[in-house]
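Here is what each chain is made of, one letter per residue.
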Amino acid sequence: MFQHYIKTTYRYIGRNKINFIFKLGGLALAIISLLVIVVYVSYQLSFDRFHQDHENVYRINSNREEDGQIVPYAMVPPAIGPALKEAFPEIKAYTRMSIPSRVMVRYQDKLFRFNGVAEADSTLFDVLSFTFIRGDKRALQTPGSIVLTETLAKQIFGKEDPMGKVITSPDHGEKTLRVSAVIKDFPVNAHLHITAIHTFGALMKSDLDSWEITWDGSLNLYVRLAPGTNPHELTDKALPILKKNLVKAADGSEKRFSLYPQTVADIYLDKPLKMEFGKKGVALYVYIFSLLGVLILIIASINYVNLSIADFDTRTREMGVRKVLGARKLQIGFQVALEAVIITGIGLLIALAVLYQFFPVVTEKLDPNLRFEMLWHHNVVTITFLLLALLVVISSVYPWYRLTSQSPAVELKANAGYGSSMSVGKALLLIQYAISILCICATVIIWKQINFVWDTDVGYDRSHVVSLVMPDEYPGERAAILKNEIKRLAGVESVSYSYYLMPISTYFKGWYQVEQNGKMEPMLLNEMFVDHDYFETMGMKVIAGRNFQLSNATDARQAFIINETAARQFGWSDPVGKAMKLGYDGESTEVQEGTVVGVVKDFNTLSLHRKIEPVILRLQYDNWPGNSLNVKVRGDVAKILPVVISAYERLMPGFLADARLLEDLHKNQYKSEDNAFSALQIGTVVIVLISALGIFSLSLYMSVKRMREFGIRRVLGATTMQIASLHANFFLSIGALANVIALPVAYWIMRAWLENFAYRTEVSLLLFFVVMCISFLLVLISGGYSAWKAGRMNPVDVIKIQ
């Protein structure tokens, strides 16, 4: 019996090769897109779920008051962890971890610089899951120990056994670290990006008993809770401990501070917090990818149904004969479903073959961590199977209904299958048009916003500035020599030091007193430490007052430069000469009185997602120049950069250059938007192509069904253009209705998306008019051939058809 169904399907495909190719092409395109989307979304949702019992592993975040506002932080004062562990038996283990840094290490005569080197408690391995290659969970119990990832161990030691080997850190006073374990590299779906972990205090001093609420002394706190523990109740019960121990404000008042838990699996896609490190995804774009997959599934199903409608003429007669011979509805339904399964299966094989060839392009556009092997993960296989099963069901239900709903007598007549089928086809085309227009709108607006991001003046020259990392313990007295020697290089225009790396560093914050209505009011403000040449190097403009002056020794402690936003926030129409103080009475910091000597034009230190904040710029008043050496070059950066790096390493023997292009750092801030745009581009192309296939096939079908009508019209004097227009107007009317439905929806959705940017492009009516024109052009291209063919037919050939 089953063999009979296979033979029937084979014969049907043989008789309807064009229809089969259209169905197969549409399904293959859709399946390729679905596979990519399923892999990407599954990868995004899998972050940190590899940790053992991850449902009970939490990071303890904090809410802090800053200048009257509550600000969420990913860090807490160091002493909170041990205090919570001692007070609550529900906490099975805790661990604290510092922000990973870039560290230079020396082994024998070889130098290396690595990202992702963090400090942590020895209890780290009781909270988070690691796979040990050498050593065990006791690896961090000995002070001065370091645990290396497998890749880092091979880079440093090659084929040597790393256990017990000693490495030193030149930029931390040649302090030593002894290798106590080697672990497997962190999975790519981990929010932590760590290459090595060493004990607290091994390289820098750490006050682990501090209850001070500061950004620079705080640490990440992870806890493992007993199953069944309510983490929110636990943090609420911790309030008395915080109230008792947290360092109070200078006036003796309690600072507003609270804790809240965040499960480790939610960290990656949750909203960004201050002082948060590691990989961050964007939940919105995961939803967009998922929605895109649903839309492609709908479009593919509609296309299949429309192609089936175009095939009803021959199928209804076939099914009429089957019914006369005793076929049941279930058997006919099985035949229709089997055809859909076979075509979908062939489409899946084609999709896998094409995707295998082009997967490098997918990783380049979406995420370099994606691998073709992820297609075989059980979650991906399960979801793909369910989606394809849903595709088969949706694609088969209506054809099965139409082919079984009529009596054999009706089906055996000529033109059976027309009529109500066209009403359904028209409705399906309307949905296809609307989805296509929606996707085209989204693609155009995201493209416009990305161009806006690249073209917007961020207030500094990001295209010609290179920033080199300065070692933590580099002799301050040699800083001027290094700066002057780099400045003498051909192609170098200006050099400066700073304690801030644009556009990725987090602001320092400090208490200031600001002149307000004749009184000095305390404010917690963002601050940047720079040198006299910083504005020239970064291409920033002083629009009022003056720059810092080398000839004026008092500038180091008494001169402040503010940005335009700060001047507006302070209510100063003429800021130059206004009084300011660093620190306030009663605070441990020494109060330093000074004045505003200049105003710098606003600049975006972070991405355009965030509004520009008030910033105070001042000179660093000790002999330490800062952790960034900024070099502005003329001409081709790629040609001059090797010369700068060579000079840096020559002037600083024993240190490796660590250079970053500000342009690259700026682009990395919008990686999520680039990925979303790439995916939407591809998805939109797929949707438009599938929709075009549906329009083309249905228009051909309609031209055949109306051929006698067109022949009579030709006999009565209708021109070729009139008949072609009559045929095309059917589709253009559907397109017009689709625009009426889709354009307002697209406007609402994209306005909501643009709200994520503090600075954004305008959504004009002209843009939607252009999209509408594109949609009509799509209709004309897709249905133009059948309209032309209808207009060119010979009435003698069609009127005689019975």
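Model, not experiment: these values are computed from the prediction. (Residues numbered from 1 in each chain as written. Predicted model: local features only at pLDDT ≥ 70, side-chain atom pairs only at ≥ 80, totals over all residues. Heavy atoms only, no water.)

### Some remarks on the overall build of the protein chain
- For the protein chain, the helix and strand inventory stands at 24 helices and 23 strands.
- Nonlocal contacts in the protein chain, meaning residues at least 24 apart in sequence, comprise 79% of its contacts between residues at least 6 apart.
- When the accessible area of the protein chain is evaluated, it comes to approximately 36,300 Å², of which 59% is carbon and sulfur surface. (Helix = DSSP H or I, 4+ residues; strand = E, 2+ residues; numbered from the N terminus. Contact = heavy atoms within 4.5 Å. Areas by Shrake-Rupley, 256 points an atom, 1.4 Å probe, with all protein chains shown as cover.)

### Quick notes on the packing of aromatic side chains
- Considering all chains together, one arrives at 18 aromatic pairs under this definition.
- Considering the side-chain rings of Phe125 and Phe132, the 4.9 Å spacing of their centres and the 70° angle between planes classify their relative orientation as edge-to-face.
- In this structure Phe125 comes out as buried when scored by relative accessible area, which is 4%.
- On the numbers, 5.7 Å between centres and 85° between planes, the contact of Phe359 with Phe372 is edge-to-face. Taken together, the residues span a long stretch of sequence, with Phe359 in helix α10 (residues 329-365) and Phe372 in the loop between α10 and α11 (378-404) at a distance of 13 residues. For the pair Phe359 and Phe372, a shared accessibility class is recorded, and that class is buried.
- Each member of the aromatic cluster is reached from another via a ring pair, and the members are Phe125, Phe130, Phe132 and Phe186.
- Over the ring of Tyr73 we find Arg64, and its NZ or CZ is 4.3 Å from the ring centre. (Phe/Tyr/Trp six-rings, centres within 6.5 Å; stacked < 30°, edge-to-face > 60°. Buried < 20%, exposed > 50% of the residue type's maximum accessible area, 1.4 Å probe, protein only. Lys NZ or Arg CZ within 6 Å of the ring centre and 35° of its normal.)

### Some details on a nonpolar patch on the surface
- Judged by side-chain polarity, Ile346, Ile350, Val354, Phe358 and Val361 come together as a nonpolar surface patch covering roughly 380 Å² of accessible area.
- Since its relative accessible area comes to 35%, Ile350 is described here as partly exposed. (Patch = residues over 30% accessible without salt bridge, like charges linked within 9 Å, V, L, I, M, F, W, Y side chains within 5 Å. Salt bridge = Lys/Arg side-chain N within 4 Å of Asp/Glu carboxyl O.)

### A look at helix α14 (residues 479-487)
- For α14, the set of buried residues is Ala479, Leu482, Lys483 and Ile486. Along the axis of α14, the buried residues cluster in a sector spanning 100°; they form a single face.
- Looking at the packing, one finds that the buried side of α14 touches β14 (492-498), β22 (628-633) and α18 (637-651). (Arc of directions from axis to C-beta.)

### Overview of the pattern of salt bridges
- In this structure the tally under the stated criterion is 24 salt bridges.
- Salt-bridge contacts for Arg224 lead to Asp53; the nearest nitrogen and oxygen are separated by 3.8 Å. Taken as a pair, Arg224 in strand β11 (residues 220-225) and Asp53 in the loop between α2 (17-45) and β1 (57-66) lie far apart in primary sequence, 171 residues in all.
- For Glu527, the salt bridge goes to Arg618, with nearest N and O atoms at 3.5 Å. Of this pair, Glu527 sits in strand β16 (residues 519-530) while Arg618 is found in strand β21 (residues 615-619), placing the two residues 91 residues apart along the sequence. This pair shows no difference in class: Glu527 is buried, exactly as Arg618 is.
- Three or more residues joined by partner-sharing salt bridges are found here, namely Arg59, Glu276 and Lys280.

### Structural notes on the nonpolar core
- One finds Leu355, Leu366, Leu370, Leu375, Ile687 and Phe768 to be the most contacted residues of the largest nonpolar core, which totals 84 residues.
- For this core, the secondary structure elements donating two or more residues are α2, α8 (283-309), α10, α11, α13 (420-455), α20 (671-705), α22 (720-754) and α23 (765-792).
- When residues no more than four places from it in sequence are discounted, the contact partners of Ile687 are Leu292, Leu295, Ile296, Ile299, Ile435, Ser436 and Cys439.
- Counting 28 residues, the second-largest nonpolar core is a separate cluster that includes Leu468, Ala479, Trp624 and Tyr648. (Core = buried A, V, L, I, M, F, W, Y, C linked by side-chain atoms within 4.5 Å.)

### A closer look at the confidence of the model for the protein chain
- Looking at the protein chain, pLDDT values average 82 and 82% of them are 70 or higher.
- Here helix α12 (residues 408-411) stands out as the least confident element of the protein chain, with mean pLDDT 50; β11 is the most confident, with 96.
- Every residue in residues 414-420 scores below 50 in pLDDT, and together they form 21 contacts with partners more than four places removed in sequence or on other chains. (pLDDT = per-residue confidence, 0-100.)

### A few points about empty space enclosed by the protein
- Counted by the stated rule, this structure contains nine cavities of 30 Å³ or more.
- As for the largest cavity, its lining consists of Tyr507, Phe603, Asn604, Thr605, Leu606, Ser607, Arg610, Lys611, Ile612 and Glu613.
- When the residues that make up the lining of the largest cavity are grouped by side-chain class, the tally is four nonpolar, three polar and three charged. (1 Å grid on protein atoms, 1.4 Å probe; cavity = no way out; pocket = protein on both sides within 12 Å on 5 of 7 lines; lining within 4 Å. Points joined across faces, edges and corners; volume = space filled by probe spheres on them. Nonpolar A, V, L, I, M, F, W, Y, C, P; charged D, E, K, R; others polar.)

### Regarding the environment of Lys426
- The residue Lys426 is located in helix α13 in this model.
- Measuring from C-alpha to C-alpha, the distance between Lys426 and Asn306 comes to 9.1 Å, with 120 residues separating the pair along the chain.
- Setting aside its immediate chain neighbours within four residues, Lys426 contacts Phe730 and Ile734.

### With respect to the packing of α14 against α18
- Interhelical geometry of α14 versus α18 gives an angle of 150° and a closest axis separation of 10 Å. It follows from the interaxial angle that α14 and α18 lie roughly antiparallel. α18 is crossed by α14, and the crossing has right-handed handedness. Listed contacts from α18 to Leu482, Glu485 and Ile486 of α14 are Val644, Ala647, Tyr648 and Leu651. (Axes fitted to C-alpha atoms, helices over the stretch in contact; angles between N-to-C directions. Parallel < 35°, antiparallel > 145°, perpendicular 65-115°, else oblique. Left-handed = near helix turned anticlockwise from the far one by under 90°.)

### Examining unusual backbone geometry
- Of note, the phi angle at Asp48 is positive, near 65°, even though the residue is not glycine.
- Along the polypeptide, Asp48 turns up in the loop between α2 and β1.
- The phi torsion at Gln108 lies on the positive side, around 55°, for a residue other than glycine.
- Take Gln108: it is sitting in the loop between β4 (101-107) and β5 (110-120).
- Note on Gln108: relative accessible area 56%, which makes it exposed.

### With respect to the environment of Ala657
- Note that Ala657 resides in the loop between α18 and β23 (659-661).
- The spatial distance from the C-alpha of Ala657 to the C-alpha of Met104 is 9.8 Å, given a sequence separation of 553 residues.
- Excluding anything up to four places from it in sequence, Ala657 contacts Leu468, Ile645, Tyr648 and Glu649.

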